[in-house]
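Given next are the chains, with one letter for each unit.
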Amino acid sequence: MRILGIESSCDETAAAVVEDGVRILSSVVASQLSTHGKYGGVVPELASREHLRAIVPVVTTALEQAGGGYDTLSAVAVTSGPGLVGSLLVGMTYAKALCFAHKLPLIAVNHIEGHIHAVVMEASQRGEPVGYPALALVVSGGHTHLFEVREGFHYRLLGKTRDDAAGEAFDKVAKLLGYSYPGGPIIDMLAPHGDPGAIRFTLAKMKGNALDFSFSGLKTAVLRWTEQRDLSAEVQARRALQRTNAYPTVEQWLALTPKPTLDLLASFQRTVITELLRRAVACAEQIQARCLVVSGGVACNSGLRTAAEALRLPYPVLFPSPGLSTDNAAMIAAAAFPKLKRAEFSDYTLAARANLTLA
Ligand code: KG4
Ligand code: ZN
């Protein structure tokens, strides 16, 4: 059974065809980085316009690469939230039109569930299915959530960020220091060149649910650190580099980043990783998880992967391959497969929900 997945919740227009929830026959992602990069973040109006431009060629290419027309599909799955409403509407309207024209069932998928299924799908591909209950840490530019995942894909929210998402904190710190958007991958590349123990940031203490996250205090601590020094010359130099080069190399950034700033980046990244892992591990223990699933854009972070491995936890820690960590449509098609088997279909009144929750 083949599902065409469509994803347009933020700044990536993506389509993929996945067979039986595990075999990726095609996966096409059109990134809008070049559009938003110069603004240091996603501009919602521009994102909708870019989705409109990309949706038809992206879906057509995904179908062509999968080697079959609409008659080979069993359903069309689309992200219905959470995300930018104008962006979601483009993918959803196109998905509904395809379903209407080709008499296919429509399946609504929660973007966060998609991120979890990126890992579930790859574990099945390896023949080592995820053990349940699993603890899922979904960590991206928009989310930092801990979910218990039970057999049959039942979810329970155990903790979430009260302010910024972890990826958002990476992006904001990078922007403050004059690096391009998105900042997460740049900080990831630069952090190994600094000393992660150089600056001791205080870890967030949470009143109420101790499993919630908070990154705004850390972000403010970074801001204070920069205010106590005169970084204007180096920040200006990096902004100038951005203006002449959309994708600077790590060597180019390194040439413009003095050691104290490298130490700052390394210490910031280490603090984020410590915050993420200590709560995920506490949560996994609480639910006696048989596996820890880490997904979302920040799951690409090499420091996070190394630190998780170094913990030598008594259960497997599963990360998606980098291409499936950031936004893509294969994860949406994979998440739709159990819904197809349960005939969990949507009608054409399906609405885009910016704040859709998973549990
Ligand atoms: O999942 P995603 O593509 O989109 C959302 O659903 O938000 O995640 C994008 C986020 C951005 O904040 C980006 O900076 C972050 O993931 N990110 C990283 C890395 N790669 C992407 N953060 C830290 N280290 C990375 N290697
Ligand atoms: Zn995402």
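This section reports on the structure supplied with the text. In this text the structure is predicted, and so the values were computed from the model without any measurement.

Each helix and strand counted, the protein chain has 13 helices and 10 strands in total. The C-alpha radius of gyration computed for the protein chain amounts to 20 Å, which stays within 12% of the reference 21 Å derived for 359 residues, consistent with globular compactness. If one aligns the C-alpha atoms of the protein chain with their principal axes, the spans along those axes are about 65 × 50 × 35 Å. Within the span of the protein chain, comprising 359 residues, buried residues form 56% of the whole. For the protein chain, contacts bridging at least 24 residues in sequence account for 75% of all contacts bridging at least 6.

Once that is clear, we can look at the layout of surface pockets. Roughly 260 Å³ of volume is contained in the second largest pocket. The wall of the second largest pocket is formed by 17 residues, among which His117, Val120, Ser124, Phe153 and Pro338 lie closest to the centre. When residues of the lining of the second largest pocket are traced back to their parent elements, those giving at least two are helix H4 (111-125) and helix H13 (330-341). Residues that form the lining of the second largest pocket fall into these classes: 10 nonpolar, 4 polar and 3 charged.

A few words on the coordination of the zinc ion (ligand 2). Coordination of the zinc ion (ligand 2) by the protein comes from His111 (NE2), His115 (NE2) and Asp327 (OD), over a distance range of 2.0 to 2.1 Å. Here the zinc ion (ligand 2) binds 4 donor atoms, and the angle range of 94 to 141° at the metal identifies the geometry as irregular. Look at where the donors of the zinc ion (ligand 2) fall in the sequence and you get H-x3-H-x211-D. Here Asp327 lies in the loop between helix H12 (322-325) and H13 and His115 lies in helix H4, a separation of 212 residues in the sequence. Residue classification places Asp327 among the buried positions, given a relative accessible area of 14%.

We now examine the environment of Arg156. Here Arg156 is to be found in strand E8 (residues 154-160). C-alpha of Arg156 to C-alpha of Leu146: the two residues are 10 residues apart in sequence and 8.5 Å apart in space. Once residues within four sequence positions are removed from consideration, Arg156 is found in contact with Leu146, Phe147, Glu148, Arg150, Ile287 and Ala359.

This paragraph deals with the packing of aromatic side chains. Where two aromatic rings form a pair, the distance of their centres and the angle of their planes describe that pair. Counting across every chain of the model gives 6 aromatic pairs. Here Tyr179 and Trp253 contribute two aromatic rings whose centre-to-centre distance is 5.0 Å and whose plane-to-plane angle is 65°, an arrangement assigned as edge-to-face. In this pair, Tyr179 is assigned in the loop between helix H5 (166-176) and helix H6 (183-190) and Trp253 in helix H9 (residues 250-255), connecting sequence segments 74 residues apart. Residue Tyr179 shares its accessibility class with Trp253, and that shared class is buried. Measuring from ring centre to ring centre gives 6.2 Å for Phe213 and Phe215, while their planes differ by 10°; the resulting arrangement is stacked. Classification of Phe213 as buried rests on a relative accessible area of 0%.

Take empty space enclosed by the protein next. Inspection of the entire model under this criterion finds 1 cavity of 30 Å³ or more. In terms of lining, the largest cavity is formed by Gly40, Asp171, Ala174, Lys175, Tyr179, Ser180, Tyr181 and Gly183. Examining the composition of the lining of the largest cavity, we find that 3 residues originate from one element, H5, more than from any other. When the residues that make up the lining of the largest cavity are grouped by side-chain class, the tally is 3 nonpolar, 3 polar and 2 charged.

One pass over the structure, following the stated rule, counts 19 salt bridges. In this structure, the salt-bridge partner of Glu148 is Arg156, at a minimum N-O distance of 2.8 Å. On the basis of relative accessible area, Glu148 is assigned to the buried category, the value being 8%. You can call Arg156 partly exposed: its relative accessible area is 39%. Through salt bridges with shared partners, one network takes in Arg2, Glu19, Asp20 and Arg23.

Here is what the cut-offs are and how they apply
Residues numbered from 1 in each chain as written. Chains lettered and ligands numbered in written order. Predicted model: local features only at pLDDT ≥ 70, side-chain atom pairs only at ≥ 80, totals over all residues. Heavy atoms only, no water. Helix = DSSP H or I, 4+ residues; strand = E, 2+ residues; numbered from the N terminus. Rg over C-alpha atoms; globule rule 2.2 N^0.38 Å. Buried < 20%, exposed > 50% of the residue type's maximum accessible area, 1.4 Å probe, protein only. Contact = heavy atoms within 4.5 Å. 1 Å grid on protein atoms, 1.4 Å probe; cavity = no way out; pocket = protein on both sides within 12 Å on 5 of 7 lines; lining within 4 Å. Points joined across faces, edges and corners; volume = space filled by probe spheres on them. Nonpolar A, V, L, I, M, F, W, Y, C, P; charged D, E, K, R; others polar. Donors = N, O, S within 2.8 Å, 3.2 Å for Na, K, Ca; no water. Tetrahedral: all angles 85-135°; square planar, octahedral: opposite > 155°, others 65-115°. Phe/Tyr/Trp six-rings, centres within 6.5 Å; stacked < 30°, edge-to-face > 60°. Salt bridge = Lys/Arg side-chain N within 4 Å of Asp/Glu carboxyl O.

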